[in-house]
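Overview (structure and organization)
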Amino acid sequence: MQRRTFIQSAALLAASGIPVVSRAAEGPSEGGSENRKVSVKAYRPLGKTGMQISDISFGAGRLTSSALVLRAIDRGMNYFDTAPDYGQSEDHIGDALRKAKGRDKIHIASKYCHPMAYQAGKSHLQVGARQSDYIAAVENSLKRLGTDYLDTVFVHAIGESADFEAEKARMLDPEMLAATEMLRKAGKIRFLAVSSHGPNHMERLMMEAVQSGHFDYVMPAFNFMKFPKVPEVLKEAKSRGVGVVAMKVLAGAKEGNMQFDPGKFEQAAFKWALAHAELGGLVITIQTAQDLDLYLPASGQPMTAADQRVLDHYAALHGADYCRTGCGDCLSACGDGVDVASILRYQMYFEDYGDEKQAMVSYAALEKNAAACASCVDAACDRACPYGLPVRSKLDAAHRALTLSLVA
């Protein structure tokens, strides 16, 4: 690295105001090996929880082994985001916890969720669930994880329907809040959090969550493409001591089509998010040991002009194709009531994230899918998209991809 570049990078980090904690503050030891592969370099406070979490943390969706969890712990990751409907994720994390040392140094977040309802597309507990349902969800997670407590339980995926009041009601359900208090008193959970990746009212719902006083932290979708009101949520959260963890930071994860060295785009996207000092960290799905090598070089590092050029190039390539998570500007344009944003999110899971099963199950559970889009001649959704996406043709393609059997 040239001396001038080093000085500029050091100045950016110092000016950012981002709280960075040394590895000695919290997290598994590296064992003193100078040859160890890249690891977490920074931990951040998560609101007023007292937790210091790895700035790049482990999303455990589609987790296939405990060995990967142990590798991540060895690399310094100490926050793991799982759920009952993430396949065998909780079981694998539980196996890793039995083999790892220092449960109090490892933070586990799961969800109020009933995995047996997954096939109906509504695995997250809904309004109408009883206190006993919420308690049972946590008890079952604890059994799978083989631990006495969860650090955090989430009310997950708020904003999936267009009805703001209904989504707010699920987020602040008195049955859920009462169950949470009982679980806290029993020592079975420490913190309550809420997440939203839209496609409806994400920023508004996250602001409601922050201001409600019920949640220790929130997890919104947040990336460099388009979230104009999330900074307002971040500011409000900081003023109230509410933590924030970001997700969906890769803006569609289409980096495989780019002419950059492996990891260059991901690291730039992570550094962009982590340049927001209000964030406790970000969660990204880890599927292979190679992901650790690609992602962790961004830990504790400042955003640079070169990183911004990478993101600008990504936006130029994909800006007219990426459906912005949480936008929803086109939803009222369709006379047939097609859930445009949800369908395109499921297509993203199918095409870009490689999660075909979840995408197809979720699509099948929609009350109004995109079957009519192939014969639509109005294409009002195209005109309503502020980013110029060919929405109608994307919906038609999604229907073909996500439907198990189509009549020719």
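Computed from a prediction, not measured in an experiment: that's the story for all the values here. (Residues numbered from 1 in each chain as written. Predicted model: local features only at pLDDT ≥ 70, side-chain atom pairs only at ≥ 80, totals over all residues. Heavy atoms only, no water.)

1. Details of the overall build of the chain
Put simply, the test is: Where helices and strands are cited, they refer to DSSP runs of H or I of at least four residues and of E of at least two residues respectively, numbered from the N terminus. Only protein chains enter the accessibility calculation, which uses a 1.4 Å probe; a residue whose area is less than 20% of its type maximum is buried, one above 50% is exposed, and one in between is partly exposed. Any pair of residues with heavy atoms lying within 4.5 Å of one another is described as a contacting pair.
Of the regular secondary structure elements, the chain holds 15 helices and ten strands. Taken across its 408 residues, the chain has 52% of its residues classed as buried. Within the chain, contacts between residues at least 6 apart in sequence are counted, and of these 75% link residues at least 24 apart.

2. Some details on the pattern of salt bridges
Counted only if it meets this: Each reported salt bridge corresponds to a side-chain nitrogen of Lys or Arg within 4 Å of a carboxyl oxygen of Asp or Glu.
With the rule as written, the count across this model stands at 15 salt bridges. One salt bridge in this structure joins aspartate 81 and lysine 111, with 2.9 Å as the shortest N-O distance. One end of the pair, aspartate 81, is in strand 4 (residues 79–81); the other, lysine 111, is in strand 5 (residues 107–111), with 30 residues separating them in the sequence. Note on accessibility: aspartate 81 and lysine 111 belong to one class, buried. Glutamate 139 is the partner of lysine 188 in a salt bridge, and the nearest nitrogen-oxygen pair spans 2.4 Å. Of the two residues, lysine 188 is situated in the loop between helix 6 (174–185) and strand 7 (189–196) and glutamate 139 in helix 4 (residues 131–145); the sequence distance between them amounts to 49 residues. Lysine 188 sits in the partly exposed class, given a relative accessible area of 25%. Here the salt bridges share partners, and the residues they tie into one network are Asp95, Arg98 and Lys99.

3. Let's talk about the environment of alanine 269
Looking at the secondary structure, you find alanine 269 in helix 9 (residues 264–274). With 29 residues separating them in the primary sequence, alanine 269 and alanine 298 have C-alpha atoms 9.1 Å apart. For alanine 269, the contacting residues outside a window of four places in its chain are Phe224, Val249, Leu250 and Leu311.

4. Focus on the side chain of threonine 82
To be explicit about the condition: Between N or O atoms, a polar contact is any pair within 3.5 Å; within protein, one atom must be a potential hydrogen donor and the other a potential acceptor, and residues adjacent in sequence are included only when both atoms are from side chains.
Looking at where threonine 82 falls in the secondary structure, it is placed in the loop between strand 4 and helix 3 (89–99). Since its relative accessible area comes to 0%, threonine 82 is described here as buried. Within polar-contact distance, the side chain of threonine 82 engages the side chain of serine 89 at 2.7 Å.

5. Digging into unusual backbone geometry
Residue arginine 62 is not a glycine yet carries a positive backbone phi of 60°. When you line up the elements, arginine 62 lands in the loop between strand 3 (56–59) and helix 2 (66–74).

6. Some details on the environment of aspartate 307
Assignment of secondary structure puts aspartate 307 in helix 11 (residues 305–318). Classification of aspartate 307 by relative accessible area gives buried; the value is 6%. Sequence separation between aspartate 307 and phenylalanine 265 is 42 residues; the distance between their C-alpha atoms is 7.8 Å.

7. What about the pairing of strand 9 (residues 243–246)?
Defined as follows: Whether two strands pair comes down to DSSP finding at least two bridges between them. If the strands point away from the viewer and the path from the first strand over the helix to the second runs clockwise, then the crossover is right-handed.
Of the two faces of strand 9, the one lined by Gly243 and Val245 and the one lined by Val244 and Ala246 are each fully buried. Looking at chain direction, strand 8 (residues 217–220) and strand 9 are connected through two bridges and run parallel. Bridge pairing in strand 9 links tyrosine 217 to glycine 243. Traced from strand 8 through helix 8 (residues 230–240) to strand 9, the parallel crossover comes out right-handed.

8. Side note on the nonpolar core
What counts, and what does not: What makes a nonpolar core is a set of buried Ala, Val, Leu, Ile, Met, Phe, Trp, Tyr and Cys residues whose side-chain atoms join them at distances within 4.5 Å.
Judged by nonpolar contacts, the single largest core of 102 residues is most densely connected at Phe58, Met77, Phe80, Tyr112 and Leu395. In terms of residue count, helix 9 provides more of this core than any other element does, seven residues in total. In this structure, methionine 77 is in contact with Val40, Ser54, Ile56, Ser57, Phe58, Ala72, Ile286, Leu292 and Leu296, ignoring residues within four places of it in sequence. In this structure, Met51, Tyr79, Ala109 and Phe154 belong to the second largest nonpolar core, which totals 13 residues.

9. Describing the packing of aromatic side chains
Our working rule: Ring geometry is summarised as follows: Phe, Tyr and Trp rings, the Trp one being its six-membered ring, pair when their centres sit within 6.5 Å, and such pairs are stacked at plane angles under 30 degrees, edge-to-face over 60 and tilted between the two. A positively charged side chain is recorded as over a ring if its NZ (Lys) or CZ (Arg) lies within 6 Å of the ring centre. The angle to the ring normal must also be within 35 degrees.
Under the counting rule described, the total for this entry stands at nine aromatic pairs. Between phenylalanine 154 and tyrosine 217, the aromatic rings sit 5.6 Å apart at their centres with planes inclined by 85°, giving edge-to-face as the arrangement. Of this pair, phenylalanine 154 sits in strand 6 (residues 150–155) while tyrosine 217 sits in strand 8, placing them 63 residues apart in sequence. Taken individually, phenylalanine 154 and tyrosine 217 each receive the classification buried, so the pair is uniform in this respect. Connected via pairs of aromatic rings, a cluster forms that spans Tyr79, Phe154 and Tyr217. Positioned above the aromatic ring of phenylalanine 164, the side-chain terminus of arginine 204 is 3.5 Å from the ring centre.

Honestly, it's all geometry; don't read function into it.
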